Amino acid sequence: MSSLTEPLRHHHQHCDDLFVAAENAVREGDWSRARRELSAFLAAMETHFDTEEETLFPAFEAATGMNMGPTRMMRHEHAQMRDLFRQMDAALESRDATAYASAADTLLVMMQQHNMKEENILYPMCDRGLDAQAAALGPVLRERLEVE
Amino acid sequence: MHPDLSFDQAPPIDVPFRFFLTAPLFGIAAGLLLAIVGGEMFASRWMPPALAGTHLLVLGFMLQAMCGALLQFLPVAAGANIWRPRWVAGVVHPLLAVSAVLLVTAFLSQRSGLFLAAAIGLALGLGLFAVVTGIALWRTPARGATVMALRLALLGLVATLSLGILLATGLARGSDWPLLALTDLHAAWGLGGWALILLAGVSYYVVPMFQLTPAYPARLARSLPLLLLAVLAGWSLTFDPGAAGRQQVAFIGGVAVSSAYAVSTLRLQQRRRRKVSDATFLFFRVAMLALLGVFVSALAITLLPALQNEPRGAVWIGLLAIVGVFVSAINGMLYKIVPFLNWLHLQNLCGMRAMPPTMHQMIPERRMRGQFYLHLAALGMLLAAVWWPLLARPAGLLFAASCAWLGYNLLGAVGVYRAFKTRIRADASDRRS
């Protein structure tokens, strides 16, 4: 049986693919395609963040009593990434490929190290801590992530 | 077990940066030493200037950068929190830098007191570093191939250090120990047991991260450090200065294992989802090709009778490994780590009130790429100079220039960091007044 957080891990990969598609469109100078790809990427990221912040993290915090630990840091990193989303969006609006590449490169490192912390540490903690609720919580996570 | 991981244990930015900004200075010194000494330096690896130059690179450049990077990497990537990182860095960094200078001066002047002073400095500095990082790595709840590789690499560092202290004492006392055979073992532990296992462990983490490649095959990732360590341990436990054949087998075995890592990395890079070939990617690719070059060269030197007694063969392999593999990989990594840490710290400092400069605004891509080509030219000319001594001086100058450019680029990033920090502080005090 797959773990509770498996859909979130899978969704990380999906977001990576959308990130690459947007970056490639900018590199090729295809600004209208870049607009579509970036919008799809940002929408997927927001879906992911919202799913974690509104469903997974509160359940984890309630089950473990850890309100100030890893989930707080993950929320903080979400905010930092949202800052970079705005910069990528602004760079794309002004058709500035250099500024886009710089913000995208920064986001990539931020996003990947964030994902690794989640996949290596937080998700396993959630899988263990939320074992009892997995049957109820699993479908909610999957449904939220499949909305787009 | 619920580890109390707040993920918030990243050290202050000056902790890694003091190491990072020192490393290029030793690279410049190594290049200038070659430019002064000339082709004679490459006649044999046992020439005092060759030993001095080697240690400028391995102790001065590589170890500085690696220690600084580990102090940052362990808490962030391996969940291994360092005890009082600023204090540790404040002791380890100067001890490492001063000891490197002492050791290099000892080789050049052959004064026994300097060998002993360097050995004491390194024992204290690296001893403290090994204890602190060892405790952190022992206690981390994180698992996986990277953490295991880092633990084994630390064993490699301790073995290298112990052999180095033994050698320094032997040189200082003029003892009749088998210094040449011990030096081979010391170098094998340093480059294979410490540096390469560390590089592999970090690669498992950063190669998929920077280029969105698939993960390293789990079996390879786990077995590679163990195999390298097994080869080195076997060589050490059956140490016999007279048995040159056995040493060669161990050497070829270790290099063959290393080349599996290089091939695996190159194949992953080929399958990368992200197609951007930035400076870090190029540096890493050169490092892996150089590692394959080490394997091919080691085979050639062992199998071809004409090369077997050629002292320049070992110099060639040393340059390929140290400058080709490790200086390249470190140089490339610094171009991601330094701008990213700058951004991250500024971001934390200003919250959501302002947008700090992003990575390429810290170091423009064309400058990193320009320095990459200079590094490549320097590496090519260094390798050519092994066989054409006339090229040694220009090769030294090129390498010094490349390291100077690296230092300049890193300082530029620090300048952007400082300027922005000053600005947000001024803005904050404006709002208060």
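That block above? That's the structure.
This structure is a prediction, so every number in the text was calculated from the model and none was measured.

**Q** What is the right way to read the packing of aromatic side chains from this model?
**A** Under the counting rule described, the total for this entry stands at 14 aromatic pairs over all chains. On the basis of an interplanar angle of 70 degrees and a centroid distance of 5.6 Å, the ring pair of Trp83 of chain B and Trp87 of chain B is categorised as edge-to-face. With a centroid separation of 6.2 Å and an interplanar angle of 45 degrees, the aromatic rings of Trp316 of chain B and Trp387 of chain B are classed as tilted. Here Trp316 of chain B is found in helix α11 (residues 311-350), whereas its partner Trp387 of chain B is found in helix α13 (residues 365-387), with 71 residues between them in sequence. These aromatic residues form a ring-pair network of at least three members: Phe19, Phe41, Phe49 and Phe85 of chain A. Over the ring of Phe281 of chain B we find Arg272 of chain B, and its NZ or CZ is 4.1 Å from the ring centre.

**Q** How should the layout of surface pockets be read in this particular structure?
**A** Using a probe with the size of a water molecule, rolled over the atoms, empty space left in the structure can be pinpointed. Here the second largest pocket defines a volume of roughly 810 Å³. Together, 31 residues line the second largest pocket, and Met116 and Asn120 of chain A together with Tyr204, Pro208 and Ala215 of chain B are the ones closest to its centre. Contributions of two or more residues to the lining of the second largest pocket are made by α1 (6-27) and α4 (97-129) of chain A together with α2 (48-78), α5 (145-173), α6 (179-211) and α7 (218-237) of chain B. Among the elements that make up the lining of the second largest pocket, the one with the highest residue count is α4 of chain A (seven residues).

**Q** Help me understand the interface of chain B and chain A, please; the structure alone is not making it clear to me.
**A** Interfaces are frequently sized by the accessible area removed from exposure as the parts join. At the interface, 31 residues of chain B touch 36 residues of chain A. For the pair chain B and chain A, the summed buried area comes to about 3300 Å², and 64% of that belongs to carbon and sulfur atoms. Along the contact surface separating chain B from chain A lie five salt bridges. Residue Arg274 of chain B pairs with Glu23 of chain A through a salt bridge whose shortest N-O separation is 2.7 Å. Where the side of chain B that touches chain A is concerned, the elements lending two or more residues are α6, α11 and α12 (359-362) of chain B. Ranked by the residues each element gives to the side of chain B that touches chain A, the list is headed by α11 of chain B, at six residues. Taken together, the residues of the side of chain B that touches chain A break down into 18 nonpolar, seven polar and six charged.

Conventions and cut-offs
- Residues numbered from 1 in each chain as written.
- Chains lettered and ligands numbered in written order.
- Predicted model: local features only at pLDDT ≥ 70, side-chain atom pairs only at ≥ 80, totals over all residues.
- Heavy atoms only, no water.
- Phe/Tyr/Trp six-rings, centres within 6.5 Å; stacked < 30°, edge-to-face > 60°.
- Helix = DSSP H or I, 4+ residues; strand = E, 2+ residues; numbered from the N terminus.
- Lys NZ or Arg CZ within 6 Å of the ring centre and 35° of its normal.
- 1 Å grid on protein atoms, 1.4 Å probe; cavity = no way out; pocket = protein on both sides within 12 Å on 5 of 7 lines; lining within 4 Å.
- Points joined across faces, edges and corners; volume = space filled by probe spheres on them.
- Contact = heavy atoms within 4.5 Å.
- Buried area = accessible area lost by both parts, 1.4 Å probe.
- Salt bridge = Lys/Arg side-chain N within 4 Å of Asp/Glu carboxyl O.
- Nonpolar A, V, L, I, M, F, W, Y, C, P; charged D, E, K, R; others polar.

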